[in-house]
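Notes for the structure review
The primary structure of each chain is shown beneath.
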Amino acid sequence: MLRFAFNRLLQAIPVLLIVISATFFLVHSAPGGPFSADKAVPPEVIRALEAQYNLDQPLWQQYVSYLGDVLQGDLGPSFKYSGRTVNELIAAGLPATAELAMYAMLVALIIGISAGVLAAMRPNTMQDYLPMSAAMLGICMPSFLLGPILVLVFGIHLEWLPVSGWGDIPGDKILPAITLGTGYAAYIARLSRGGMLEVLSQDYIRTARAKGLSEPLIIFKHALRGGLIPVVAFLGPAFAGLLGGSFVVETIFQIPGLGRFYVQAAFNRDYTMILGMTVFFATLIILFNLLSDMLALWLNPKLRQQAGGES
Amino acid sequence: MKPQVSVSTASQLSAIILILTSSLLLGSCGSSENNVSKGNRTGTLHWGNGTEPQSLDPHIATGVPEHKIIIALMEGLVLKDRKTLEPRPGVAKSWEISDDGRVYTFHLRDNARWSNGDPHNAHDYVWSWWRALQPALGNLYAYMYFSIENAKEYYEGEISDFEQVGVKALDDLTLQVTLKNPTPYFLQLLDHYSLYPVHQATVEKFGSADQRGTRWTYEGNIVGNGAFQLRDWKINRRVVVERNPYYWNADNVRLNEIVYYPTENAITEERMFRAGQLHYSGTVPADKIATYQSNNDPALRIDPYLGIYFYRINVETPQLQDKRVRRALGMTIDRDQLTQRILKAGQIPAYAITPPGTMGYYPESDLRFDPEAARQLLADAGYPNGEGFPSTEILYNTSEGHRKLAVAIQQMWKKHLNIDVTLLNQEWKVYLNSVSMKDYQIGRAGWIGDYVDPNNFLDMFLCNGGNNRTGWCNPVYDELILKHAPEAKTQEERLEIFTQAEKMLLADMPVIPIYIYTSNNLVDPSVKNFSGNILNQPSFSEIYLEPDNGGQQ
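Residues numbered from 1 in each chain as written. Chains lettered and ligands numbered in written order. Predicted model: local features only at pLDDT ≥ 70, side-chain atom pairs only at ≥ 80, totals over all residues.

So, about the overall build of chain A. Each helix and strand counted, chain A has 14 helices and zero strands in total. Along chain A, from the amino end to the carboxyl end, the secondary structure elements read α-α-α-α-α-α-α-α-α-α-α-α-α-α. C-alpha extents for chain A along the principal axes are approximately 85 × 60 × 30 Å. A buried classification covers 42% of the 311 residues belonging to chain A. Counted over contacts in chain A with a minimum sequence separation of 6, partners at least 24 positions apart contribute 74%. (Helix = DSSP H or I, 4+ residues; strand = E, 2+ residues; numbered from the N terminus. Buried ≥ 20, exposed ≤ 12 C-beta atoms within 10 Å, placed from the backbone. Contact = placed C-beta atoms within 7 Å.)

In structure tokens form, the structure reads like this:
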């Protein structure tokens, strides 16, 4: 397993290098620079600013020195937020984004697995159709629609929950978590239904039933472990997706997370910020994919043998 | 085979789901008082501030959100009346102006202090203004100093001795400023944050004076001289300022704290306002204005704003080189219809570049909506009934509001002049790049005044003006603005020169004025002393909170 992890990490190096290079040259080729503004900027000011951020050097030189800095874990200064480094800004935004992703994942898992298991227990009955139709609706409902609807109903109309904020007012994390989690809950519901249906028709479950075990014992002890493998495989990419895709929810609920920085950085042509965030997210995605693959190996002995045989 | 599950198991599972979800829903839910009512009790103003401030250094910052925070933390020699914008004593308790209008002598308060208790005196201004004029600092507002004698020459490196710049500390409490020419708006400039003083010891503690991006403006570091001091700055979350006990007028400051929220999104901010999380929001989504208006909601405040929305014309475009064509375009925009049917938030149709009433200046304009005369002009220019007029493009930065207006104007030009116009939208930075490279034909533009004077609008169109961007150049116009206006003996004479210049601009029409902006604010009724003014500048030291139903509580 360790060897598997090591190999995968080795493969990650060229992937990251390609991501950095492509992003670097793309952002530098976009029209408009970080210091252009509505009001004309005097050339002497532009020169002073470019000199300060090394933008007066040839592009390849900037590229090489950027790679050097990244190797040392230094993502450089932000062009837009005077005096802040990209590392500092990521550190400031990560806790909120990670917490939001965690809660959203929790929402997704609780709702998704419950609905999927319920549906799998009585396929092709109302107990199956209802949660699965809801799941379809959840997949189709974009967060920029669901968020404001939830806010209108629970925040403004019923006044049960705060309309925005993060850790400022009790309960302000609930609506964002539900908004972000719902789409993923829907996927998980469908995945766990499929997984459970397959497992519940297997011989060992029939044996368990024949032995007279109670249904909860069968579901929770015997069926879930196998039935949730598709869900586990989905967790890694899902968590990376939650971390990187929370921009809309962060904007709707005024959450001080990373997503807003990422999008603002692109609009601002904050080169180092765009690059830094891209490197950061690329690393996260690689890591989470690796983790979920390793988890799947651990859960499924068949796969473990294959991986062991190949490496 | 169908898996069979007993009914009791299903209900057990449902019960588990119910318990889990309800615990998530209710776990952190408690009875909560909204920010506004709590703030009214504790004297905390909750302020929707648009975006995350990029810098709180008054010599580096440029944006409106930064402005709203800096004016709480710092103060200039002179303040403005919150309604009329007339100069009021700030750090300077009084001042004299020499007869020739060039020498200003300021007498500073002896009780002025920095927020760390240090004495605050005239030398602070000499040092701060020296710092603001260091080119390496990259101060975008350096031009605000250029009315001071030799400031421009120093900034551009023509002279290297700061002693020659017209600012001297005669003693600890007396500051003398010598101007190049009489500048009637000079006192106003002193209330612009780019001329605020900074605390030398603090700036130098975190880097050299002309170094950008040091940490001196961060929480725990920054020292200011304003009514408030910085307590907390959480990126993308909030900036909190609290009363500065050393402020010279601290006894009359009634707010205890201001919490600024960087919301980025106007729709979110409006929703926060509606839910009582904000006392103030300065960005009302356009489609929400009508709702507030039809409900007669007192929270919506619409005031004229010192800003103009206009179209630039690239006069180097072949079909737009003839000023008759440009005039014809200007004369076929039905501004009343645009403001009443599309904008619908009290905007005023504009027929000149300078908003009327700017420092007593009312531009004389012969521009009017006159399709008949416009068709004649176009025919005279060689395009009778629009025949043979090449397709022309309007460039605007991506925004629904700009698009709607451009579509309406496109239709008006088709209807009245029978010419074909296409629309092109570009993302903000791409658009800025296109306009500054003059890679456009007709381009949407806006200009917000930094100070209340026609000069701030008219000097945009000097031949070498960085904000001209039209290719239009008229040496006579330049001479009026650069030479005759500053040397005018009286304000009347000066305004007369501006009138003359603006007429020239309108006759050639390298820019088409469209409408005068309004500031749209949502202000909770408990916020007192919030006065709309044409700079949309609040006076935080005067604002206080008092719920209207206070007597019942």
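Check the secondary structure of chain B and you find 17 helices and 19 strands. A principal-axis box enclosing the C-alpha atoms of chain B has dimensions of 90 × 80 × 50 Å. Looking at chain B residue by residue over its 553 residues, the buried ones come to 46%. Pairs at least 24 residues apart make up 67% of the contacts formed inside chain B by residues separated by at least 6 positions.

Turning next to the pairing of strand S12 (residues 300-313) of chain B. Bridge count for S12(B) against strand S17 (residues 511-523) of chain B is 10 bridges, and the pairing is antiparallel. Within S17(B), the residue paired with B:Ile302 across the bridge is B:Asn520. (Pairing = 2+ DSSP bridges.)

A few words on the sheet that holds strand S6 (residues 167-171) of chain B. All names here are of chain B. The four strands lie next to each other as S4-S5-S7-S6, forming an open sheet whose pairing is antiparallel. Bordering the open sheet on either side are strand S4 (92-97) and S6, each of which pairs with just one other strand. Strand-to-strand twist across the sheet, computed as the mean angle between neighbouring axes with direction ignored, equals 20 degrees. Bridging between S6 and strand S7 (residues 174-178) involves four bridges; their strand directions are antiparallel. Bridge assignment links Ala169 to a residue of S7, and that residue is Leu175. (Axes fitted to C-alpha atoms, helices over the stretch in contact; angles between N-to-C directions.)

Let us now look at the packing of helix H1 (residues 2-29) of chain A against helix H3 (residues 59-71) of chain A. Residues and elements named next belong to chain A. Close contact between H1 and H3 brings their axes to 11 Å; oriented N to C, the two are set at 135 degrees. Taken together, the axes of H1 and H3 lie oblique to each other. In this structure, the crossing between H1 and H3 has a hand that is right-handed. Listed contacts from H3 to Ile20, Phe24 and His28 of H1 are Leu59, Tyr63, Tyr66, Leu67 and Val70. Residues belonging to the contact of H1 with H3 are distributed by class as follows: seven nonpolar, one polar and no charged. (Parallel < 35°, antiparallel > 145°, perpendicular 65-115°, else oblique. Left-handed = near helix turned anticlockwise from the far one by under 90°. Nonpolar A, V, L, I, M, F, W, Y, C, P; charged D, E, K, R; others polar.)

Contacts between the two partners involve 53 residues from chain A, matched on the other side by 53 residues from chain B. Contributing elements (two or more residues each) for the side of chain A that touches chain B: helix H2 (43-52), helix H4 (86-121), helix H6 (143-157), helix H7 (174-200), helix H9 (215-227), helix H11 (247-253) and helix H12 (258-268) of chain A. With nine residues, H4(A) is the largest single contributor of residues to the side of chain A that touches chain B. Class assignment for the residues of the side of chain A that touches chain B results in 30 nonpolar, 14 polar and nine charged.

Let's shift gears to H6(A). The largest bend along H6(A) reaches roughly 30 degrees and is located at A:Val151. Of all the positions in H6(A), only A:Ser143, A:Leu146, A:Gly147, A:Leu150, A:Val151 and A:Gly155 are classed as buried. The secondary structure elements touched by the buried residues of H6(A) are H7 and H11 of chain A together with helix H8 (266-274) of chain B. Once H6(A) finishes, A:Glu159 follows within two positions and takes phi at roughly 55 degrees, a positive value. (Bend = angle between axes of the 7 residues up to and from the residue.)

Residues A:Ala104, A:Ala108, A:Ile188, A:Leu242, B:Ala72, B:Leu73 and B:Ile258 are the most contacted members of the largest nonpolar core, which totals 224 residues. With residues near it in sequence (within four places) discarded, A:Ile188 still touches A:Ala108, A:Leu109, A:Gly112, A:Ile113, A:Gly116, A:Val231 and A:Phe234. (Core = buried A, V, L, I, M, F, W, Y, C linked by C-beta atoms within 7 Å.)

Next up on the list: the domain arrangement of chain B. Residue and element names in this part refer to chain B. Splitting chain B by domain gives domain 1 (9-52 + 227-299 + 524-545), domain 2 (78-205) and domain 3 (304-518). Across the contact, eight residues belong to domain 2 and eight residues belong to domain 3. Across the side of domain 2 that touches domain 3, the residue classes break down as five nonpolar, three polar and no charged. (Domains from an automatic or database assignment.)

All right, on to the packing of H7(A) against H9(A) then. Residues and elements named next belong to chain A. At a minimum axis distance of 8 Å, the contact between H7 and H9 shows a crossing angle of 125 degrees. Classified by the interaxial angle, the pair formed by H7 and H9 is oblique. For the element pair H7 and H9, the recorded crossing hand is right-handed. Residues Ser192, Gly195, Met196, Val199 and Leu200 of H7 pack against Ala223, Gly226 and Gly227 of H9.

With that settled, the discussion passes to the environment of B:Glu493. If you trace the backbone, B:Glu493 turns up in helix H17 (residues 491-508). Spatially, the C-alpha atoms of B:Glu493 and B:Met74 are 36 Å apart, while their sequence positions differ by 419 residues.

Turning next to helix H5 (residues 126-140) of chain A. The periodicity of an α-helix, 3.6 residues per turn, causes residues three or four places apart in sequence to face the same way. Taking 1.5 Å of rise per residue, the 15 residues of H5(A) would be expected to cover 21 Å, and the 21 Å separating its terminal C-alpha atoms lies within 8% of that figure. The inward-facing, buried residues of H5(A) contact H4 and H7 of chain A. (Expected span 1.5 Å × (residues − 1).)

This part covers the pairing of strand S16 (residues 442-448) of chain B. Residue and element names in this part refer to chain B. Counting buried positions along S16 yields five of seven residues, so the element is predominantly enclosed. Here S12 runs beside S16; their pairing, made up of seven bridges, is antiparallel. Directly across from Ile308, in S16, lies its bridge partner Trp447. As judged from the two bridges shared by strand S14 (residues 392-397) and S16, these two strands associate in the parallel manner. In the sheet register, Leu395 faces S16, and the bridge partner there is Gly443.

The next point concerns unusual backbone geometry. The backbone of A:Asn124 shows a phi angle near 60 degrees, a positive value even though the residue is not glycine. Mapped onto the secondary structure, A:Asn124 falls in the loop between H4 and H5. Taking the C-beta count within 10 Å as the criterion, A:Asn124 has 9 such neighbours and is therefore assigned exposed. Of note, the phi angle at B:Lys344 is positive, near 55 degrees, even though the residue is not glycine. Mapped onto the secondary structure, B:Lys344 falls in the loop between helix H11 (335-343) and strand S13 (348-349). The exposure class assigned to B:Lys344 is partly exposed, which follows from the 14 C-beta atoms found within 10 Å.

Residues and elements named next belong to chain B. Positionally, Pro349 belongs in strand S13. Judged by the 19 C-beta atoms lying within 10 Å of it, Pro349 falls in the partly exposed class. The spatial distance from the C-alpha of Pro349 to the C-alpha of Pro197 is 39 Å, given a sequence separation of 152 residues. If we ignore the near neighbours within four places in the chain, the residues touching Pro349 are Arg335, Asp336, Thr339 and Tyr515.

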